[in-house]
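# Observations on chain architecture
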Amino acid sequence: MTTPVLQIRDLKVTFSTPLGPLVAVRGIDLDVHPGEMTAVVGESGSGKSVSFLAAMGLLPRTATVEGSVMLDGHQLVGASPKLLRSIRGRLLSMIFQDPLSALNPVHRIGAQISEMLRAHSSMSERAARIRAVELLEIVGIPQPGDRALQYPHEFSGGMRQRVVIAMAIANSPKVLIADEPTTALDVTVQAQILEVIQRVQAQFGTAVVLITHDLGVVARVCERVNVMYAGRVVERADIGTIFDEPTHPYTRGLLASLPQAGVERLVPIAGFPPNMLNPPTGCAFRTRCEHAAEACGQRLPELEPLGNSMTACIRAKELVGR
Amino acid sequence: MTNALLHVRGLVKEFHLKAARGAGRKKRVVQAVSGVSFDVARGETLGLVGESGSGKTTVGRCVLRLLEPTAGQVSFDGVDLATLSFDELRQVRRRMQIVFQDPYASLDPKMTVGASIAEPLVVQGIAGNHQEKVVSLLELVGLSADHARRFPHEFSGGQRQRIGVARALALDPALIVLDEPVSALDVSIQAGVVNLFDDLQRRLGMSYIFIAHDLSVVRHIADRVAVMYLGKIMEIGPAEQVYERPTHPYTKALLSAVPLPNPRVERGRSRIMLEGDVPSPVNPPSGCRFRTRCWKATELCSMQEPELQMRADGQWSACHHPEG
């Protein structure tokens, strides 16, 4: 296997709150390989977004980040603001659910993209403007020359997300983190945006981390999947294994709860996600798991190989095949 | 359907927009719903699906008269709602309820859960022991009696949505409009609430109008489904039929865009990629409203608006060039 371009080791994120420290991410390891589309799936509060905001150095001061995030030879945890500024947008880009909040309403689209280009290179203003129009064309915006002169409010939601993607890939970053990039969009527009992300990934060789709660989207575009629960990666496998032979009870529960053709009765997961101010001891999923045993409460399970998966469940081996 | 619970005929709802400054002071009108007709039978679930701006939520609100329709007829149990006085309408409203999308916004944070659930009984001036009724409603939706004294902030999203359902059930309605009732919930929680809707309908026999943009959930819960686009019904029919054999190009494209949680199916199937976004409802295309994004559009489509026509048993679509 290739060397990972982004390597996360034992990442912990703690927020100090009036009610005490809240550990949102409780030690995750994650590798992102060049040119690969990696999914990070989980429900609200699982720590999937916070992990990558931490990697980008974008968390507020109430957050303490520990562990290691190596990107192309740079350590990002504890890096100086200057180093982070030179990395963000050049080696590592991020796009979000709401494209409007990522765009400046009073500047033309073309100018915003060329600003991104000129922030990281000595490109002339003229060359940057020409490149901005090319980028708009790459992400499938019709009449890119005219559209570059327009303002964000003149674009529809899907077109804005394309603009944000154009900005994110302007400097051909090694890694693009897409945090729920299609959640706010209608399905027909979602299909277009996923296609754009796949296309730029192929064209620029960018590694993409897709953060999502939608397993359908994962099934369509991703190669590797990390399932997060309560601030931990509980299962990691390639796409086929996750859907065909899931090993962690949470992954299995998640798949069983999805409405699919031919399924008469959905199977919900009992209970609800833990309060992260006071998570259960040991495996955080045990309070909702039908297979929980006494040993599950004793220590935090680590990811261990099982079949084609890495899974963090001490009972996974005996449960597989049941 | 002669014995339907709800008849909707030619429903139109217009909203007036403020004139843009200096734009000639011309009042602009958005037709959010443009002549929609359907029935809902007793004990049936009608799914209403469509993308943003399709008018699905407005239809739901007009049925309940939370919005006054601009034109058209809504009859509930044989009574035309437009002919009723305010007091009479209030009586009918007992029997039609709504559950909203956001379980955080739809409960009063300062009221105990018990008081929220009992409020419809108080408003309707129903005498009797509300306490007992509240307990039985809480149990009906899978919560427990001691939850009545607590406040909304003590509950998770899924539990709050159950509280909203309990409140809607307080007056024993015959029809509940479920407006995106599970969209705000995580999937593992969503499944439990969907099952709750199934169980309640089996036990109590009420009808649902289930409004959602998630086509997989609608397929699971609906008996019939209506697909809306820019204020019009493009296709309506039995859910399995519409999902398996869509006859309108829009339905076909919409279904092919939905990501399915199965990598083999996802990567094996051909996808119809629609171009652009849904046009603005302020200025919808002439003729067929879908024609600007349709790969089958011809001159006829821009000149003449297609009527709903029966394509198969109970399945209707509005298209000049229907899918085989």
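If you're wondering where the values come from, they're calculated on a predicted model, not measured in any experiment.

Basis of the calculations
- Residues numbered from 1 in each chain as written.
- Chains lettered and ligands numbered in written order.
- Predicted model: local features only at pLDDT ≥ 70, side-chain atom pairs only at ≥ 80, totals over all residues.
- Heavy atoms only, no water.
- Helix = DSSP H or I, 4+ residues; strand = E, 2+ residues; numbered from the N terminus.
- Buried < 20%, exposed > 50% of the residue type's maximum accessible area, 1.4 Å probe, protein only.
- Contact = heavy atoms within 4.5 Å.
- Areas by Shrake-Rupley, 256 points an atom, 1.4 Å probe, with all protein chains shown as cover.
- Lys, Arg positive; Asp, Glu negative; His and termini not counted.
- Charge placed at Lys NZ, Arg CZ, Asp CG, Glu CD.
- Buried area = accessible area lost by both parts, 1.4 Å probe.
- Salt bridge = Lys/Arg side-chain N within 4 Å of Asp/Glu carboxyl O.
- Polar contact = N/O pair within 3.5 Å; in protein donor to acceptor, adjacent residues only side chain to side chain.
- Nonpolar A, V, L, I, M, F, W, Y, C, P; charged D, E, K, R; others polar.
- Core = buried A, V, L, I, M, F, W, Y, C linked by side-chain atoms within 4.5 Å.
- Pairing = 2+ DSSP bridges.
- Domains from an automatic or database assignment.

Broken down by element type, chain A carries 11 helices and 12 strands. Residue burial in chain A is summarised as follows: out of 322 residues, 54% are buried. If you take every contact in chain A between residues at least 6 apart in sequence, the share linking residues at least 24 apart comes to 64%. When the accessible surface of chain A is totalled, it reaches about 13,800 Å², and 52% of it is carbon and sulfur. Of the side-chain charges in chain A, 31 are positive and 30 negative, and the distance between the mean point of each set is 5 Å.

Attention now moves to the interface of chain B and chain A. Tallying the contact residues gives 40 residues for chain B and 42 residues for chain A. Counting the surface lost from both chain B and chain A, the interface buries some 3,200 Å², and carbon and sulfur atoms represent 55% of this. Three residues stand out in chain B for area buried against chain A, namely Ser 188, Pro 261 and Arg 267 of chain B, and they jointly supply 18% of the buried area on that side. For Arg 265 of chain A, the salt bridge goes to Asp 199 of chain B, with nearest N and O atoms at 2.8 Å. Summed over the shared surface of chain B and chain A, the number is 19 residue pairs in polar contact (both at pLDDT 80 or more). Of all elements in the fold, only helix H6 (187-204), helix H7 (215-221), helix H9 (249-257) and helix H10 (263-268) of chain B reach the threshold of two or more residues within the side of chain B that touches chain A. It is H6 of chain B that provides the largest number of residues to the side of chain B that touches chain A, a total of 10 residues. Grouping the constituent residues of the side of chain B that touches chain A by class yields 15 nonpolar, 12 polar and 13 charged.

Another aspect to go through is the nonpolar core. Membership of the largest hydrophobic core comes to 65 residues, with the highest contact counts inside it found for Leu 169, Phe 197 and Phe 210 of chain B. Here this core takes 7 residues from H6 of chain B, the largest share from any one element. Not counting the four nearest positions on each side in its chain, Phe 210 of chain B is found in contact with Thr 45, Leu 46, Gly 47, Leu 48, Leu 178, Pro 181, Val 182, Phe 197, Val 217, Val 218 and Ile 221 of chain B. Grouped together as the second largest cluster of nonpolar side chains are 64 residues, Leu 103, Met 167, Val 189 and Ala 284 of chain A included.

The next subject is the pairing of strand S10 (residues 232-238) of chain A. All names here are of chain A. Taking burial as the measure, the 7 residues of S10 include 6 buried ones, the bulk of the element. Examined bridge by bridge, strand S9 (residues 224-229) and S10 share 6 bridges and lie antiparallel to one another. Bridge assignment links Val 225 to a residue of S10, and that residue is Ala 237. Between the antiparallel neighbours S9 and S10 lie 2 residues, among them Ala 230 with a positive phi of about 50°. Sheet topology places S10 next to strand S12 (residues 309-311); 2 bridges connect them, and they run antiparallel. Bridge assignment links Glu 235 to a residue of S12, and that residue is Thr 311.

Let us look at the pattern of salt bridges. Per the counting criterion, the structure on display carries 27 salt bridges over all chains. Measuring nitrogen to oxygen at the nearest pair gives 2.7 Å for the salt bridge that ties Glu 44 of chain B to Arg 224 of chain B. With Glu 44 of chain B in the loop between strand S2 (28-40) and strand S3 (45-49) and Arg 224 of chain B in strand S9 (residues 224-229), the pair connects residues that are 180 residues apart, well separated along the chain. A residue is classified by how much of its surface remains accessible, and Glu 44 of chain B, at 10% relative accessible area, is buried. Shared partners join several salt bridges into a network, and the residues in it are Arg 220 of chain A together with Glu 266, Arg 269 and Arg 271 of chain B.

What follows deals with the domain arrangement of chain A. Residues and elements named next belong to chain A. Domain assignment breaks chain A into domain 1 (6-222) and domain 2 (228-319). Each of domain 1 and domain 2 was reduced to a C-alpha centroid, and the two centroids are 28 Å apart. Contact with domain 1, which involves 26 residues of that partner, is made by 19 residues of domain 2. Summing both partners gives a buried area of about 1,700 Å² for domain 1 against domain 2, and 61% of it is carried by carbon and sulfur. Taken as a group, Arg 26, Glu 43 and Leu 215 account for 39% of the area that domain 1 buries against domain 2, more than any other trio of residues on that side. Summed over the shared surface of domain 1 and domain 2, the number is 0 salt bridges. Where domain 1 meets domain 2, there are 8 residue pairs in polar contact (both at pLDDT 80 or more).

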